Amino acid sequence: MASAKADGWLAGIRPYFEKAPAAAFFLGISSGFPYAMIGATLTTRLKQDGITKATITAFTLGFLVYNLKPLWAWIVDGVRLPVIGALGQRVSWMLVAGALVIAAVANLALVDPRTDIGATVVAALIVGFAGATFDIVIDAYRIEQLKPYQLGVGSGMTQYGWRIGSVLAGSLALFLAARMGWTIAYLACAVFALPAMLTALIMGEPERRRAPAARKGLAEAIMSITGPFTEFFQRQGAIIVLVFILIHKIGDTLGQIVLRLLLDDLGFTNDEIAIFDVGVGFWGYLAGIFVGGALYARLGMKRSVLISLILMAVSNASFAVLAAAGHSNLGLAGAIGFENFASGVGGVTVVAYFAALCDLRFTASQYALISAAASVVGRVLTAVSAGALVDRFGYVAFYWMTTVVALPGVLLFWWMMRTGLVDQAIGTAGTEGGGSS
């Protein structure tokens, strides 16, 4: 009996050592670095160049571009590139998008915020557009390269790569900027686009790639844009699945947006926050990613997603307990560690489920839409209500409220499992190519 259980869990871990999930790690490295270039790294550069805080905050527009990527994702699916397109749809777009990112980062390296802040804003937006396009290609390539049973582990490996790529790029930029200036720092970081480009060249076109029907006239061209969305909404239970996508992360997003405010009001020092929020949280997140991939491979898609949704809901309650307990390093370590562990598990299993929803003919378009929809409601609600709710009810009630808000997503997915809607709405990415999801 014990031997059978051990073999079962070994089967859950084994995909981590297979070729396609390993390739997903290198894709993640390249996916993470453009975000770092217009995130904390650029903020530091602008501050050191004496730019005002009000101006610095305007650079968040670069992140907004990532939310708009469904608008042009269909191009990656349907437009065959001349000459280089002979390498394959995904490989050719990976090379072009990677080159676009390198050029965009180099452009950002060469502008001087102190003399032309307008050009710097435009350069940051270009990096955002290039990075979002790179993400579209990387996500499509990853989903089509992985078999259904590898989707969870592959999502985990991508997230490992994303975190490492963003941290390494940000750290390298700071290290070089202190010694050789920001121009050299940004130019050096452009090499982080290469792992995904080389992975595509080495691995070749994904075996599960399904080309959409050829489009010639204007009507056909319009169909190439609307086709991915029409196909999705023709599935059984598609509207219910969309509702789940929209609401499943509301509680988690609401809770995280005010976390630093909670820690400050509880009297935690910067050193304590660095140790527990950044240190313990980081390792908890990495552990959660590993466990999430193993759960997905061992228990299958439905049960692993349900478990992760429950964990993410309960993790919000841990901050309600922390808020009630007050300043406690042990309480902070426990809450932060558990929340990040749950986020790591959920980030793997839920992302893998979203990948499985895609039709292999429209992978780029459908995943771009799903990933954008997954965060839009939570971001809008946090922007208009999180702070006001804390002011009115206090932290303890607020975090219990976010726990309750997370429950509809849990219950809806459980109902979808019981009625068979989860299976009925799965796309070919979750069924074709061997294995079982």
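Residues numbered from 1 in each chain as written. Predicted model: local features only at pLDDT ≥ 70, side-chain atom pairs only at ≥ 80, totals over all residues. Heavy atoms only, no water.

Observations regarding the overall build of the protein
Part 1: Across its full length, the protein holds 20 helices and zero strands.
Part 2: Looking at the protein as a whole, 53% of its 437 residues qualify as buried.
Part 3: Within the protein, residue pairs in contact and separated by at least 24 positions form 84% of the contacts whose partners lie at least 6 positions apart.
Part 4: Looking at the protein as shown, the accessible area adds up to about 18,500 Å², and 69% of this sits on carbon and sulfur atoms. (Helix = DSSP H or I, 4+ residues; strand = E, 2+ residues; numbered from the N terminus. Buried < 20%, exposed > 50% of the residue type's maximum accessible area, 1.4 Å probe, protein only. Contact = heavy atoms within 4.5 Å. Areas by Shrake-Rupley, 256 points an atom, 1.4 Å probe, with all protein chains shown as cover.)

Details of the confidence of the model for the protein
Detailed reading of the predicted coordinates is not advisable wherever pLDDT falls low.
Part 1: In this model, the protein carries a mean pLDDT of 82, and residues with pLDDT of at least 70 account for 86%.
Part 2: Mean pLDDT across the secondary structure elements of the protein bottoms out at helix 1 (residues 2-13), with 52, and peaks at helix 11 (residues 194-203), with 94. (pLDDT = per-residue confidence, 0-100.)

Focus: the side chain of Ser315
Part 1: Here Ser315 is to be found in helix 17 (residues 301-325).
Part 2: Among all residues touching Ser315, those that are not within four sequence positions of it are Phe338, Glu339 and Ala342.

Observations concerning the pattern of salt bridges
Part 1: Enumeration according to the criterion identifies six salt bridges in this entry.
Part 2: Across the salt bridge formed by Arg90 and Glu144, the nearest N and O atoms sit 2.9 Å from each other. Within this pair, whereas Arg90 is found in helix 7 (residues 89-110), its partner Glu144 is found in helix 8 (residues 117-145), the two being separated by 54 residues in sequence.
Part 3: A cluster of three or more residues bridged by salt bridges with shared partners is formed by Asp77, Arg90 and Glu144. (Salt bridge = Lys/Arg side-chain N within 4 Å of Asp/Glu carboxyl O.)

Here we look at helix 17
Part 1: Look at helix 17: 36 Å from first C-alpha to last across 25 residues, which is about the 36 Å you get at 1.5 Å a residue.
Part 2: Where helix 17 ends, the next residue or the one after it, Gly326, has phi of about 90°, a positive value. (Expected span 1.5 Å × (residues − 1).)

Here we look at the packing of helix 9 (residues 151-180) against helix 18 (residues 329-356)
Part 1: The interhelical angle for the contact between helix 9 and helix 18, taken along N-to-C directions, is 120°, at an axis separation of 8 Å. If you check the angle between helix 9 and helix 18, you find them oblique. Helix 9 and helix 18 meet at a crossing whose hand is right-handed. Contacts between helix 9 and helix 18 involve Leu151, Gly152, Ser155, Gly156 and Gln159 on the former and, on the latter, Gly347, Val348, Val351, Ala352, Ala355 and Ala356.
Part 2: Its residues assigned to classes, the contact of helix 9 with helix 18 comprises six nonpolar, five polar and no charged. (Axes fitted to C-alpha atoms, helices over the stretch in contact; angles between N-to-C directions. Parallel < 35°, antiparallel > 145°, perpendicular 65-115°, else oblique. Left-handed = near helix turned anticlockwise from the far one by under 90°. Nonpolar A, V, L, I, M, F, W, Y, C, P; charged D, E, K, R; others polar.)

Focus on the nonpolar core
Part 1: Counting 62 residues, the largest nonpolar core has Phe33, Met37, Met94, Val105, Phe134 and Tyr186 as its most contacted members.
Part 2: The element best represented in this core is helix 8, accounting for eleven residues.
Part 3: Beyond its immediate chain neighbours, meaning those up to four positions away, Phe134 contacts Ser30, Met94, Ala97, Gly98, Val101, Ala193, Ala196 and Met197.
Part 4: One finds Leu151, Leu306, Ala355 and Tyr367 within the second-largest nonpolar core, a separate group that totals 40 residues. (Core = buried A, V, L, I, M, F, W, Y, C linked by side-chain atoms within 4.5 Å.)

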